[in-house]
Amino acid sequence: MHIAIVTTYPPGKGTLNEYAYHFVRALRTKEEITRVTLLVDDLPDGAAYPQPEATAGLAPLDIVPSWRFDSATNAWRILRAVRSVDPDIVLYNLQFASFGGTKAAASLGLTTPWLTRLADYPSMVLLHNIMETVDLQNAGYAANRAMESAMRLAGTTVTRVLLNADLVALTIPKYVEILHAKYNTKNVLLAPHGSFEDNAPMPNFELPPGPRQVMTFGKFGTYKRVEMMLDALRLLESDGYDDLEMVVAGSDSPNARGYLDQMKQACADLPNVHFTGYVSEEDVPRIFQAATVVIFPYTSTTGSSGVLHQAGSYGRAVVLPKIGDFAEVITEEGYDGEFFNPADARTLADAIARILDSDERRKELGLRNYMASQGLPIADVLDWYLLHFEEIIARHPKRAARRRALATPSLASERVQPAP
């Protein structure tokens, strides 16, 4: 089976690139997969994706830049790339702002799964959020109620377009229930998020020497905000916590360019605040292992959190806002943490202090989150995807016939490989 995946991917900095990295890493180990082609976003001028070398036991991987964030022509470019590489099935790894910060670019890009199906290529969407549950004003997508109402109407239309793919997978049960009820659809299923580290070793819960690190990780400026953490750090210092270091690991959200530069200016009086910039995949373990506690300074949520799964795999205690989908994930997947009110920095400072004041509580939360992260590795989740890939391909007679022909030994050697 040759899979094409439309996604962001490291070293690209777009949303969901980390999830794609771990998804593809596990997918390439499956014996049913003969090739994976990534249809990724363009990098800035002068940068290029490294082409992975052939590795025994892993399916070949091709990386093909095929779209650009905020471009109105993405649907046409992606469809052209699909025809060029000619896969058995196309998977879209998406959230609603994947293709652009402007409404036109984002909406036009989201028509691509339907266009792919119309071109007789089986298409599946892995959708990480839905418009019905996003607080558009807090997430930075709508400035007022009128704009929010207009965006929700547009979001309903775009969702109907996305549902024209062969199958739509969602990572939270509530999302599946909402789409079933609102759109009366039968092609929406639950696909667990999965943990990133397969059989991760038991973490070391002892703290490294030096200042205790309060760390946050992600893409900032929309619903992930640093201001509250800065306010909480000032409160903690006034309470006598003088051995803290705050680490902001990550980069601006594509929809909030320049945000972290503003935050650097806002905390010029705090020499113990450090901004790492973009964190490459090989540096992720070090960032998490150095943290005493991982903070989620969110004003709203837009789906299951990959960062929460990462924090769990490294055995970190976490501090979470008591809002939205975090409660769903924590209840259903076994994660736990200290909680705060996202409108009150004092509650965030107090939640952090409860972990700083008790090594026993910190280790208890770290162990619980580690065990939760090991419950369903992403490699196991992929077995679910493979079953559905086969079912979707079977609905497309031309693709199914080609796969049967390629399975014949006399014809297998004649398979045409994807264009570079």
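These notes cover the structure that comes with them. None of these values were measured; they are calculated from a predicted model.

### Description of the overall build of the chain
Scanning the chain for helices and strands turns up 16 helices and 13 strands. Sorting the 420 residues of the chain into buried and exposed places 56% on the buried side. If you take every contact in the chain between residues at least 6 apart in sequence, the share linking residues at least 24 apart comes to 75%. Per element, the accessible surface of the chain, about 17,500 Å² overall, is 54% carbon and sulfur.

### Concerning the pairing of strand β6 (residues 167–170)
Burial along β6 is two-sided: Leu 167 and Ala 169 and Val 168 and Leu 170, pointing in opposite directions, are all buried. Examined bridge by bridge, strand β5 (residues 123–127) and β6 share four bridges and lie parallel to one another. Note that in β6 the partner of Met 124 across the bridge is Leu 167. Where β6 meets strand β7 (residues 188–190), three bridges bridge the pair, whose relative direction is parallel. Bridging from a neighbouring strand, Leu 170 pairs with Leu 190 of β7. In the classification by handedness, the crossover that spans β6, the intervening helix α6 (residues 173–183) and the parallel β7 is right-handed.

### With respect to the side chain of Lys 224
Following the sequence through the fold, Lys 224 ends up in the loop between β8 (212–220) and α7 (227–238). What Lys 224 contacts, discounting residues up to four positions off in sequence, is Gly 218, Lys 219, Tyr 259, Pro 297 and Tyr 298.

Here is what the cut-offs are and how they apply
Residues numbered from 1 in each chain as written. Predicted model: local features only at pLDDT ≥ 70, side-chain atom pairs only at ≥ 80, totals over all residues. Heavy atoms only, no water. Helix = DSSP H or I, 4+ residues; strand = E, 2+ residues; numbered from the N terminus. Buried < 20%, exposed > 50% of the residue type's maximum accessible area, 1.4 Å probe, protein only. Contact = heavy atoms within 4.5 Å. Areas by Shrake-Rupley, 256 points an atom, 1.4 Å probe, with all protein chains shown as cover. Pairing = 2+ DSSP bridges. Right-handed = clockwise from strand over helix to strand, strands pointing away.

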